[in-house]
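Overview (structure and organization)
Listed here are the chains, written in short residue letters.
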Amino acid sequence: MSDMITADLVDLDLSADTKEAAARSLAERMVAQGRVTDLEGFLADVAAREAQMPTGLDGGIGIPHCRSAHVTEPTLAFGRSASGIDFGAADGPADLVFLIAAPAGADDAHLTILSSLARQLMNADFTSALRSAADAGEAAALIRGEEAQAEETPREVSGASAESAELSVPGGTGGTGGTDGTGTGAASVSRRGAAESGFDDSAVTPAAASAGVTAVSGADAPDAPADERPFRIVAVTSCPTGIAHTYMAAESLENAGREAGVELVVETQGSAGFTRLDPAVIKAADGVIFAHDVPVRDKDRFAGKPTVDVGVKAGISRPADLIAEVRERAARGEVTVGAPAAAGTPVERAGDSGDGYGTKLRKWLMSGVSYMVPFVAAGGLLIALGFAIGGWEIDKAPSVMDHFTWTQIDSWAALLFQIGGVSFRFLVPVLAGYIAYGMADRPGLVPGFVGGSIALTINAGFLGGLAAGLIAGGVVMAIQKVHIPAPLRGIMPVVVIPLISSAIVGFLMFVVIGKPIAEAQQGMTDWLNGLTGTNAVLLGALLGLMMCFDLGGPVNKVAYTFATAGIAVADPSDSAMKIMAAVMAAGMVPPLAMALATTVRSKLFTETERENGKAAWVLGASFISEGAIPFAAADPLRVIPSSMVGGAITGALAMAFDTTLRAPHGGVFVVPLIGNPMLYLVAIAAGVGVTTALVVLLKGLRKPATGTASADPTASTEAGSTQTEQQPVAA
């Protein structure tokens, strides 16, 4: 903290009358110290942040703050006003003003310290000491924590690492803890310890001890029955900047939790990143509090629990009310509805701690595919509509920029076709960019998109995009592990990482691996174009088996990705369009077959399954294979093999009938855009009929269900739990 605030950055006689004047006065001190390069640009960034949400807090505190490209290093300026300045707090003007300035690419260590200060502002002893400080040097020393470090007792520093002691902020607690004097070290360290320790009522868990933290707890038996242990709450806090309000809300909630005798663990989603709460901690919670002004990442983790959802300032100003409210909702049995299977982006789920390399690789690849598919869908449908309206010669039409007649149908067809073509040109760059994003977050986007564009330039296609994304993510991750001098950290994510990573990826794609990948891509294309007769039928059967094996799971995704990769070009081959047709047809079979089976032999199914069968008609017709998951979860040994047989038959027939499809999704709603549509429907009907017959036969060999939900009490539960783990076919 010593390099973030000095006596020159303290004004104990701040004479400003408005928050704008106060920010300018403190910012001028930063400029004088070389901490800010452009006063007006920096103040514009402060004003933009202030416009998102007032930064006044109850207790006479104002915390204007922002991340700005005009800041050279993380800096804090402090001003004390005798008359008070209105920062929008409900209880009146602020007499303590902290201007927090972070570079656009501030490193995690400095942001952690700033976040620790934000938490410390909830400590009454700390703010009282600042109000009574006699001179600027004393105030700066208080904020730097010099007195706190000198007065620490052996108990307070016991078990704390040197790093957590160095990052501690004052207030007479030896850390950033609450009013009970329990140190919590740096904010991100506290969250990590809490996430690992969860609702542990021992003083300090091994994971927390190494970081010098303790869990917020109020019981003596973590595994005690619910009626014998304190109420358990998990919370998430976040704000647009992720520096101040995020951690102040966390501190306020933790303090209120201690006073209320509840166990409370907070996940702070701040600028320095965040560590997800352990799933076991979330599962054990009795309620959830969201105090946020930006979307909660991976929000579906908390579904199915009593939830209070408010702005971040509510977490600071009325934490006790929030705790009481979530307890009341729990008492009434109110819970949030489970999120759909696709909730949360694959990027947010990519590379979770504990995942093996194979699992991480699959998630990284699927993050890129999931972002690519909407471009495939939009572009493919537009191109297909162009062909349907203007005929197969529409691809030879001149640019609509040069020739477009409002009254000619061919002009509109050409417009649709050309818009679709432009959409398709984004496919490979988006694929590569978001694979890299899944690996290295935002720093991976630039080299990923650059590598993907190069893959497009050298005709390396889909395979080149996969390679470029993985290389870009790996390069960025390697650069991030290099120790960088403090003066350069501010420009790392904006200049250094994009520059170096793009140069490395570009070199590798152009000079080293680009040509072999392009040759491999061409070889795969030639192989697909050469598929005829028995080989094509066998490939269709194999893809059908894969589509129906896990109904939206990893095997299903492999088959679907293989198909979309083939049509993800401006001019896909007939073989590629046949494969896409076979994959979509096979994916429609399981839900349609289950719907038909519940109709023709309803006595073999429970009441819940019969209701699910009604929805399966629509889901199957829309090419949403997950419509069959409730049936597969309740009776996997009969439903899955039957579905695979029907899917294989449909896939084989679709290939044998030479049906084609340019759109990657849509189900029966894109039948007019399918080549040989009547035979396509025949292939689907054949697979549905076979699957239905097998399911009815196999279920008939056992004792029929009674027709009520109680006949199979686990069916509904298993179906629901399994369905939430799957992702839509086109996700």
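Owing to the predicted nature of the structure, the values given are computational and were not obtained by experimental measurement.

To continue, consider the overall build of the protein chain. Within the protein chain, the secondary structure is distributed over 31 helices and 10 strands. Burial statistics for the protein chain: of 731 residues in total, 53% are counted as buried. Considering only contacts in the protein chain between residues 6 or more positions apart, those separated by 24 or more positions represent 73%.

Attention shifts here to a nonpolar patch on the surface. A cluster of nonpolar side chains, contributed by Leu385, Ile389, Trp406, Ile409 and Trp412, occupies part of the molecular surface with about 530 Å² of accessible area. For the nonpolar patch, the elements supplying multiple residues, two or more each, are helix H16 (357-390) and helix H17 (409-424). Secondary-structure assignment places Leu385 in helix H16.

Below, the discussion takes up the environment of Pro306. Checked against the element boundaries, Pro306 lands in the loop between strand E9 (287-292) and strand E10 (307-310). Along the backbone, Pro306 and Ala285 are 21 residues apart, and their C-alpha atoms lie at a distance of 9.5 Å. Not counting residues within four places of it along the chain, the set of residues in contact with Pro306 comprises Asp286, Gly287, Val288, Val326, Arg329, Ala330, Glu334 and Val335.

All right, on to the sheet that holds E10 then. Pairing within the open sheet is parallel, and its four strands lie in the order E8-E7-E9-E10. In this open sheet, the two strands that pair with only one neighbour each are strand E8 (263-268) and E10. Geometrically, the sheet is characterised by an average inter-axis angle of 15° between neighbouring strands, direction not taken into account. With respect to the sheet, helix H11 (residues 245-260) is in contact with strand E7 (232-238), E8 and E9, its orientation differing from that of E8 by roughly 175°. Running over the sheet, helix H14 (residues 319-332) touches E7, E8, E9 and E10 and is turned about 140° from E10.

Under the defined criterion, the tally for this structure stands at 15 salt bridges. Between Arg301 and Glu267 there is a salt bridge, and its shortest N-O distance comes to 2.8 Å. Of this pair, Arg301 sits in the loop between E9 and E10 while Glu267 is found in strand E8, placing the two residues 34 residues apart along the sequence. Taking the shortest distance from any N to any O, the salt bridge between Asp658 and Lys578 comes out at 3.2 Å. With Asp658 in the loop between helix H29 (636-656) and helix H30 (677-700) and Lys578 in helix H26 (residues 574-600), this pair connects stretches of sequence that are 80 residues apart. Judged by its relative accessible area of 39%, Asp658 falls in the partly exposed class. Each member of the salt-bridge network shares a partner with another, and the members are Asp635, Arg638 and Lys699.

The geometry of H11 relative to H14 is characterised by a closest axis approach of 8 Å and an angle of 60° between their N-to-C directions. Considering how the two elements wind past one another, H11 and H14 form a crossing that is right-handed. Counted together, Ser252, Leu253, Ala256, Gly257 and Ala260 of H11 and Pro319, Ala320, Leu322, Ile323 and Arg327 of H14 form the full contact between these two elements.

This brings us to the packing of helix H18 (residues 427-440) against helix H20 (residues 461-480). H20 packs onto H18 with a crossing angle of 30° between their chain directions and a minimal axis gap of 8 Å. Considering the angle they form, H18 stands roughly parallel to H20. When you trace H18 past H20, the crossing you get is right-handed. For the contact of H18 with H20, the class distribution of residues is 14 nonpolar, six polar and no charged.

Before going further, it helps to examine the packing of aromatic side chains. One pair of aromatic rings is described through two measures. These are the centre distance and the angle between the planes. Under the definition given, this model contains 11 aromatic pairs. Taken together, a centroid distance of 5.4 Å and an interplanar angle of 85° make the contact between Phe290 and Phe302 edge-to-face. Taken together, the residues span a long stretch of sequence, with Phe290 in strand E9 and Phe302 in the loop between E9 and E10 at a distance of 12 residues. As far as the burial class goes, Phe290 and Phe302 line up, both buried.

So, about H17. Taking 1.5 Å of rise per residue, 16 residues should cover 22 Å, and H17 covers 23 Å from first to last C-alpha, within 8% of that figure. Within H17, the full set of buried residues consists of Ser411, Ala413, Ala414, Phe417, Gly420, Gly421, Ser423 and Phe424.

Quick look at the side chain of Glu263 now. Relative to the elements of secondary structure, Glu263 occurs in strand E8. Taking the relative accessible area as the measure of exposure, Glu263 reaches 0% and is therefore buried.

Turning our attention to the pairing of strand E6 (residues 94-103). Where burial is concerned, most of E6 is hidden: 10 out of the 10 residues are buried. Two strands pair when backbone bridges link them, and strand E3 (residues 61-62) and E6 are joined in this way by two bridges, in the parallel orientation. Bridging from a neighbouring strand, Gly62 pairs with Val97 of E6. Two strands pair when backbone bridges link them, and strand E4 (residues 65-68) and E6 are joined in this way by four bridges, in the parallel orientation. Across the sheet, His65 pairs through a bridge with Ile100, a residue of E6.

As a further point, take the environment of Leu431. Along the chain, Leu431 turns up in helix H18. Looking at Leu431, the relative accessible area reads 0%, which means it is buried. Considering only alpha carbons, one finds Leu431 and Met366, 65 residues apart in sequence, at a separation of 9.2 Å. In this structure, Leu431 is in contact with Gly368, Val369, Met372, Phe462, Gly465 and Leu466, ignoring residues within four places of it in sequence.

Quick look at the environment of Arg276 now. Within the element layout of this structure, Arg276 appears in the loop between E8 and helix H12 (279-284). We classify Arg276 as partly exposed; its relative accessible area is 24%. Separated by 25 residues in the primary sequence, Arg276 and Arg301 have C-alpha atoms spaced 9.8 Å apart.

What counts, and at which threshold
- Residues numbered from 1 in each chain as written.
- Predicted model: local features only at pLDDT ≥ 70, side-chain atom pairs only at ≥ 80, totals over all residues.
- Heavy atoms only, no water.
- Helix = DSSP H or I, 4+ residues; strand = E, 2+ residues; numbered from the N terminus.
- Buried < 20%, exposed > 50% of the residue type's maximum accessible area, 1.4 Å probe, protein only.
- Contact = heavy atoms within 4.5 Å.
- Patch = residues over 30% accessible without salt bridge, like charges linked within 9 Å, V, L, I, M, F, W, Y side chains within 5 Å.
- Areas by Shrake-Rupley, 256 points an atom, 1.4 Å probe, with all protein chains shown as cover.
- Salt bridge = Lys/Arg side-chain N within 4 Å of Asp/Glu carboxyl O.
- Pairing = 2+ DSSP bridges.
- Axes fitted to C-alpha atoms, helices over the stretch in contact; angles between N-to-C directions.
- Left-handed = near helix turned anticlockwise from the far one by under 90°.
- Parallel < 35°, antiparallel > 145°, perpendicular 65-115°, else oblique.
- Nonpolar A, V, L, I, M, F, W, Y, C, P; charged D, E, K, R; others polar.
- Phe/Tyr/Trp six-rings, centres within 6.5 Å; stacked < 30°, edge-to-face > 60°.
- Expected span 1.5 Å × (residues − 1).

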